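Descriptive structure summary
Next come the chains, spelled out residue by residue.
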Amino acid sequence: MKRMGLGLQMYTLRDETAKDFKGVLRKVAAMGYEGVEFAGYFNVPAEEMKGLLDELNLKPIGSHVRYHLLQDNLENELAYLKTIGGQYIICPSIAPEDRKDWQRHFEFFKSVAEQARKQGLQFAYHNHAFEFENKIGEQFVFDALYDTLPPSEAKVEMDLGWVQFIGQDPLAYIAKYSGRLPLLHLKDFRHAPDGTIDTLELGRGIIRLPDVIEAASEADVDWLIVEQDKCENPSLEAVAESMNWLKENYLSRV
């Protein structure tokens, strides 16, 4: 099995990072996470962030940058990411009121990808469920996006939790995008009584995580990135438990 990097999407710890961003990064590194994916920098200057990441030996995988910031602040977002040594600038979602006129979004993503490439960076898109609830012709929006933008312009950051939640087969989708899927959001969940999703620590939910990890290895995924949208337990305890699961069920096998 391929040895993939183990990362954390920092959005999971937003309650803690709002109080002590640098201290939280130190705790994440101490847990054994090898990389982080940002969702905001909490006013830490880029050079200072780079120094802290180097000190902690944490790889800056990339950053989730909201759609409006890609529109209004792209140059600065790219410059920050490049300074800290990141690779991927990732659109995390499209606002509910804008989930229409998909070709306009695809053209916008193409322009973002072109600017990123000029800086030696790579654009990627992170899915939720709505990309499988809407279609363009006979295609899900998810697939239409990647058919419209070639692999050189858009990489896949697949959130397998949402893929399974919406009723698609995550193993089939991982295989479908093999070679174009450097980033996989690893999460576990259960269906909530109200029809929504309860995200859980790895190993507590319904996803066949060992099979997912095997499929990710075969698809040449580079990073398994833990994300828990909402935590029932304190978020630092939750991500520590998920890392312990990875140590026992993944790292012990590679």
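Residues numbered from 1 in each chain as written. Predicted model: local features only at pLDDT ≥ 70, side-chain atom pairs only at ≥ 80, totals over all residues. Heavy atoms only, no water.

A tally of regular secondary structure across the chain gives 10 helices and 12 strands. Expected size for 254 residues packed as a compact globule is a radius of gyration near 18 Å; at 17 Å, the chain falls within 12% of this value. For the chain, the spread of C-alpha atoms along the principal axes amounts to about 45 × 40 × 35 Å. Classification of the 254 residues of the chain by burial places 53% in the buried group. By sequence separation, contacts in the chain at least 24 residues apart represent 76% of the contacts at least 6 residues apart. Accessible area for the chain stands at about 11,100 Å²; split by element, carbon and sulfur atoms hold 46% of it. For the chain, the separation between the mean place of its 28 positive charges and that of its 41 negative charges on side chains is 2 Å. (Helix = DSSP H or I, 4+ residues; strand = E, 2+ residues; numbered from the N terminus. Rg over C-alpha atoms; globule rule 2.2 N^0.38 Å. Buried < 20%, exposed > 50% of the residue type's maximum accessible area, 1.4 Å probe, protein only. Contact = heavy atoms within 4.5 Å. Areas by Shrake-Rupley, 256 points an atom, 1.4 Å probe, with all protein chains shown as cover. Lys, Arg positive; Asp, Glu negative; His and termini not counted. Charge placed at Lys NZ, Arg CZ, Asp CG, Glu CD.)

Of all 8 residues making up helix H6 (residues 141-148), 6 are buried, and the element is well covered by its neighbours. Looking at H6, one finds that the buried residues are Val 141, Phe 142, Asp 143, Ala 144, Leu 145 and Tyr 146. Looking at the buried positions of H6, the neighbouring elements they touch are helix H5 (102-118), strand E5 (122-126), strand E6 (135-136), strand E7 (139-140), strand E8 (155-159) and helix H8 (170-176).

What follows concerns the sheet that holds strand E1 (residues 5-9). Strand order in this closed barrel of 8 strands is E1-E2-E3-E4-E5-E8-E9-E12, and the pairing throughout is parallel. Across this sheet, the average inter-strand angle for adjacent strands is 25°, counted without regard to direction. (Pairing = 2+ DSSP bridges. Axes fitted to C-alpha atoms, helices over the stretch in contact; angles between N-to-C directions.)

Look at helix H1 (residues 14-31) against helix H2 (residues 46-56): their axes get within 10 Å of each other, and the N-to-C directions meet at 25°. Between H1 and H2, the crossing angle belongs to the class labelled roughly parallel. Both H1 and H2 take part in a crossing whose hand is right-handed. Contacts between H1 and H2 involve Phe 21, Lys 22, Leu 25, Arg 26 and Ala 29 on the former and, on the latter, Glu 48, Met 49, Leu 52, Leu 53, Glu 55 and Leu 56. Residues of the contact of H1 with H2, tallied by class, amount to 7 nonpolar, no polar and 4 charged. (Parallel < 35°, antiparallel > 145°, perpendicular 65-115°, else oblique. Left-handed = near helix turned anticlockwise from the far one by under 90°. Nonpolar A, V, L, I, M, F, W, Y, C, P; charged D, E, K, R; others polar.)

Following the sequence through the fold, Asp 159 ends up in strand E8. Taking the relative accessible area as the measure of exposure, Asp 159 reaches 0% and is therefore buried. Within the structure, the side chain of Asp 159 is placed 3.1 Å from the side chain of His 126, a separation counted as a polar contact. Non-local contacts of Asp 159, meaning those with residues more than four positions away in its chain, are made with His 126, Asn 127, His 185, Lys 187 and Glu 227. (Polar contact = N/O pair within 3.5 Å; in protein donor to acceptor, adjacent residues only side chain to side chain.)

Our next topic: the packing of aromatic side chains. Inspection of every chain in the model, using the stated rule, returns 20 aromatic pairs. Considering the side-chain rings of Tyr 41 and Tyr 80, the 3.8 Å spacing of their centres and the 20° angle between planes classify their relative orientation as stacked. Residue Tyr 41 is located in the loop between strand E2 (35-38) and H2, and its partner Tyr 80 is located in helix H4 (residues 74-84); the two are separated by 39 residues in the primary sequence. Overall, Tyr 80 belongs to the buried group, its relative accessible area being 13%. Grouped by ring-pair contacts, the aromatic residues Phe 132, Phe 140, Phe 142, Tyr 146, Tyr 173 and Tyr 177 constitute a single cluster. When the ring centre of Tyr 11 is taken as origin, the NZ or CZ atom of Arg 14, which lies over that ring, is 3.9 Å away. Residue placement shows Arg 99 over the ring face of Phe 130; its charged tip is 3.6 Å from the ring centre. (Phe/Tyr/Trp six-rings, centres within 6.5 Å; stacked < 30°, edge-to-face > 60°. Lys NZ or Arg CZ within 6 Å of the ring centre and 35° of its normal.)

Turning our eyes to something else, we now look at the pattern of salt bridges. Under the counting rule described, the total for this entry stands at 18 salt bridges. Here Lys 19 makes a salt bridge to Glu 16, at a shortest N to O gap of 3.7 Å. Residue Lys 19 and its partner Glu 16 are located together in helix H1, separated by 3 residues, close to a single helical turn. Note on Lys 19: relative accessible area 64%, which makes it exposed. Arg 104 is the partner of Asp 101 in a salt bridge, and the nearest nitrogen-oxygen pair spans 3.0 Å. For Asp 101, a relative accessible area of 45% puts it in the partly exposed group. Among the ionic contacts, a cluster of salt bridges with common partners joins Asp 159, Lys 187, Glu 227 and Asp 229. (Salt bridge = Lys/Arg side-chain N within 4 Å of Asp/Glu carboxyl O.)

Of all 6 residues making up strand E3 (residues 59-64), 5 are buried, and the element is well covered by its neighbours. With 4 bridges connecting them, E2 and E3 associate as parallel partners. Along E3, the bridge assignment pairs Gly 35 with Lys 59. Between E2 and its parallel partner E3, the chain crosses via H2, and the hand of that crossover is right-handed. Relative to strand E4 (residues 88-91), E3 is paired through 3 bridges, and the arrangement is parallel. Bridge assignment links His 64 to a residue of E4, and that residue is Ile 90. (Right-handed = clockwise from strand over helix to strand, strands pointing away.)

Geometric descriptors of this kind do not, in isolation, establish any biological role.
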